[in-house]
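# Working through the structure, step by step
If you want the building blocks of each chain, they are given just below.
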Amino acid sequence: MKIISIIIIVAGILFIIRSVKFVRVILTIVIGIVYIPLNKFNTKVQKWYFKMKTEDIVIYRAFTPFYWTLVAITFIVSVPYEFVIANDIH
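Parameters and conventions
- Residues numbered from 1 in each chain as written.
- Predicted model: local features only at pLDDT ≥ 70, side-chain atom pairs only at ≥ 80, totals over all residues.
- Heavy atoms only, no water.
- Helix = DSSP H or I, 4+ residues; strand = E, 2+ residues; numbered from the N terminus.
- Rg over C-alpha atoms; globule rule 2.2 N^0.38 Å.
- Buried < 20%, exposed > 50% of the residue type's maximum accessible area, 1.4 Å probe, protein only.
- Contact = heavy atoms within 4.5 Å.
- Areas by Shrake-Rupley, 256 points an atom, 1.4 Å probe, with all protein chains shown as cover.
- Lys, Arg positive; Asp, Glu negative; His and termini not counted.
- Charge placed at Lys NZ, Arg CZ, Asp CG, Glu CD.
- Core = buried A, V, L, I, M, F, W, Y, C linked by side-chain atoms within 4.5 Å.
- Phe/Tyr/Trp six-rings, centres within 6.5 Å; stacked < 30°, edge-to-face > 60°.
- Expected span 1.5 Å × (residues − 1).
- pLDDT = per-residue confidence, 0-100.

The secondary structure content of the protein amounts to three helices and zero strands. Counting helices and strands in the order they occur from the N terminus, the protein gives α-α-α. Taken over the C-alpha trace, the protein has a radius of gyration of 18 Å; the compact-globule value for 90 residues is 12 Å, which it surpasses by more than 25%. Considering only C-alpha atoms, the protein reaches an extent of 50 × 35 × 20 Å along its principal axes. Per-residue burial over the protein gives 22% buried out of 90 residues. Residue pairs in contact within the protein that sit at least 24 positions apart in sequence constitute 65% of those at least 6 positions apart. Carbon together with sulfur atoms contributes 77% to the accessible area of the protein, which is approximately 6900 Å² in total. Between the centroid of the 10 positive side chains of the protein and the centroid of its 4 negative side chains there is a distance of 7 Å.

Structure (structure tokens):
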């Protein structure tokens, strides 16, 4: 019963996002405030991280868990952001 109520809530939220342009614009702004700086930070860390592979392998291996955690967080934030933007394109 709990799963059915969660599915209904998620379906309602998706319906509102797809049908109300104002909600999509607000979500794009709100999620973008978090996603854009996070993605820029991820890009800078990525350049440094891959450079360390040839310069200092110890730092490269020690920083690996932190780097992949940052990649996972960036991915988790990017999925709803890309979903909201994709609804405006199509």
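From this point, the discussion proceeds with the structure in view.
The biggest cluster of nonpolar side chains holds 11 residues, and these are Ile31, Tyr35, Leu38, Val45, Tyr49, Met52, Tyr60, Tyr67, Leu70, Val77 and Tyr81. With residues up to four places along the chain from it excluded, the contact list for Tyr60 reads Tyr49, Met52 and Lys53.

A word on the packing of aromatic side chains. Two descriptors summarise a pair of aromatic rings, namely the distance from one centre to the other and the angle between the planes of the rings. Within the structure shown, the criterion is met by nine aromatic pairs. The interplanar angle of 25 degrees and the centroid separation of 4.6 Å between the aromatic rings of Tyr49 and Tyr60 together place this pair among those described as stacked. Taken together, the residues span a long stretch of sequence, with Tyr49 in helix 2 (residues 21-55) and Tyr60 in helix 3 (residues 57-89) at a distance of 11 residues. Residue class for Tyr60 comes out buried when judged on its relative accessible area of 13%. Judged by centre distance (5.1 Å) and plane angle (75 degrees), the ring pair of Tyr67 and Trp68 falls under edge-to-face. The exposure class of Tyr67 is buried, given its relative accessible area of 3%.

Over its 35 residues, helix 2 extends 49 Å from the first C-alpha to the last, a length consistent with the 51 Å expected when each residue adds 1.5 Å. Listing the buried residues of helix 2 in full gives Arg24, Thr28, Ile31, Gly32, Tyr35, Leu38, Asn42, Val45, Tyr49 and Met52.

A word on the confidence of the model for the protein. When pLDDT is averaged along the protein, the result is 86, and 94% of the positions lie at 70 or above. The spread of mean pLDDT over the elements of the protein runs between helix 1 (residues 2-19), the lowest at 81, and helix 2, the highest at 88.

By the secondary structure assignment, Thr74 is in helix 3. With residues up to four places along the chain from it excluded, the contact list for Thr74 reads Tyr35, Leu38, Asn39 and Asn42.

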